[in-house]
Amino acid sequence: MTQRTSTDRPSLPASFEPPAPSIDGERLIAVFSDVVQLIGQALPASSEVVLHDLSRLPNSIVAVHGDVTGRRKGDPATDLLLEEAMTGFATQHLGYETVLPDGRRLTSSTMIIRDVAGAPVAALCINTDVSSWIAVRKIAESMLGSVAAAEPAEPAPAGPSETPEVFLRDVDELAAHLIHQAIADSDIPVEQMKKEHKVEVVQKLKARGMFLLRDAVEMIAESLQVSRFTIYNYLNEIGDTEPEASSRRSASTARTTRGTRET
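Think of each chain on its own: its residues are numbered from 1, step by step along the sequence as written. Since the coordinates come from a predicted model, pLDDT governs what is reported: local features require at least 70, and pairs of side-chain atoms require 80 or more to be given and counted, while whole-chain, interface and lining totals use all residues. Here the side-chain values reflect all heavy atoms present in the structure, with hydrogen atoms and water set aside.

A. Here's a closer look at the pairing of strand β1 (residues 47–53). Between buried and exposed lies partly exposed: a residue is buried under 20% and exposed over 50% of the maximum accessible area for its type, with that area taken using a 1.4 Å probe on protein chains only. Where helices and strands are cited, they refer to DSSP runs of H or I of at least four residues and of E of at least two residues respectively, numbered from the N terminus. The buried fraction of β1 is high, at seven of seven residues. Strands qualify as paired when DSSP identifies two bridges or more between them. As defined by bridge partners, β1 adjoins strand β5 (residues 120–129) across seven bridges and the pair is classed as antiparallel. Its bridge partner being in β5, Ser 47 is matched across the sheet by Thr 128.

Structure below.
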């Protein structure tokens, strides 16, 4: 069997790179690391405060107060934060519902912290376990009886598979989740997928930040039952379909980032 050399491998399309650390960014990280503890002490024990250093993605957690999700310093970002990285952290997420694997329901908020130049440097996240309050509400509704029955029914809460954010403590678990979700979204078994279906899966994974993770190409190739070289070809095809102006901006950003790191 002929071995393929590194020069035979197609180059990856331009993609997001974690922001380079800055003096102002490092100062903000230090300040908010202390703020995490202060906020955590002011909130009830059912809340958790987490700080992510975006320059360390994917293993971005640098401070934690509380134990709602069981995560610690050095653990990875969530799938939601990883996907936000691919859009430049353009969105603030406040008061959204998430569900833990054990069924506990959380109310979560994620705030992006920017330096003086407007570059994203950190994400401050607060997760509050509201399961007990939901149980209290159900007890109150059962005691109210017919009065509660007359009220308009609320939409059913999201199940674990529909939650907008998944909290994992291992990068490999995060990668497996992203791949599983992308394949499940296609609603076609891998064995029955045609090329266009697999390209669509890779495109979704790219948009969700999968290629920020270590050994992403190998894991995706194994899951889609193709070679690593095929995944690189899919990525090149996806890159060719992006608007030319967007490609130029990405290339320019990459050159600027490299130049900054080399000085």
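The discussion continues.
B. Examining the sheet that holds β5 more closely. Across the sheet, five strands lie side by side as β2-β1-β5-β4-β3; this open sheet has antiparallel pairing. Only two strands of the sheet have a single neighbouring strand rather than two, namely β2 (61–65) and β3 (93–99). For this sheet, the mean angle separating the axes of adjacent strands, direction not counted, is 20 degrees. One ladder, built from nine bridges, connects strand β4 (residues 105–114) with β5; its direction is antiparallel. Angular values range over 0 to 180 degrees, each being the angle between N-to-C directions of two axes fitted as lines to C-alpha atoms, with helices fitted over their stretch in contact.

C. Inspection of the packing of helix α5 (residues 171–186) against helix α7 (residues 216–224) at higher detail. With their axes 11 Å apart at the nearest point, α5 and α7 run at an angle of 40 degrees to one another. Accordingly, the angle class assigned to the pair α5 and α7 is oblique. Considering only the axes of α5 and α7, their crossing is right-handed. Residues Ala 175, Ile 179 and Ile 183 of α5 form the contact with α7, whose own contacting residues are Met 219, Ile 220, Ser 223 and Leu 224. Each residue receives one of three labels: charged for Asp, Glu, Lys and Arg, nonpolar for Ala, Val, Leu, Ile, Met, Phe, Trp, Tyr, Cys and Pro, and polar for the others, Gly being one of them. Tallied by class, the residues present in the contact of α5 with α7 amount to six nonpolar, one polar and no charged. Roughly parallel means an angle under 35 degrees; roughly antiparallel means over 145; roughly perpendicular covers 65 to 115; every other angle is labelled oblique. Left-handed is the label given to a crossing in which the near helix is rotated counterclockwise from the far helix by less than a right angle, and right-handed is the label when the rotation is clockwise. Every residue pair with non-hydrogen atoms within 4.5 Å of one another is taken to be in contact.

D. Layout of the side chain of Asp 115. Mapping Asp 115 onto the fold places it in the loop between β4 and β5. For this count, His and the chain ends are skipped, Lys and Arg are scored as positive, and Asp and Glu as negative. By definition, a salt bridge exists where a carboxyl oxygen of Asp or Glu is found within 4 Å of a side-chain nitrogen of Lys or Arg. Buried and without a salt bridge, Asp 115 has Arg 114 as its closest oppositely charged side chain, separated by 7.5 Å. Whenever two N or O atoms come within 3.5 Å, that pair is a polar contact, provided that in protein one can donate a hydrogen and the other can accept it, and provided that, for residues adjacent in sequence, both atoms are side-chain atoms. Here Ala 119 takes part through its backbone nitrogen, which lies 2.9 Å from a polar atom of the side chain of Asp 115. In this structure Asp 115 touches Ser 22, Asp 24, Gly 25, Leu 28 and Val 121, once residues within four positions along its chain are discounted.

E. Layout of the side chain of Asp 75. Inspection of the secondary structure assignment puts Asp 75 in the loop between β2 and α2 (79–85). Taking the relative accessible area as the measure of exposure, Asp 75 reaches 9% and is therefore buried. Apart from the residues lying within four places of it in its own chain, the contact partners of Asp 75 are Pro 58, Asn 59, Ser 60, Ile 61 and Arg 169.

It is worth stressing that arrangement in space is one thing and function is another; only the former is reported here.
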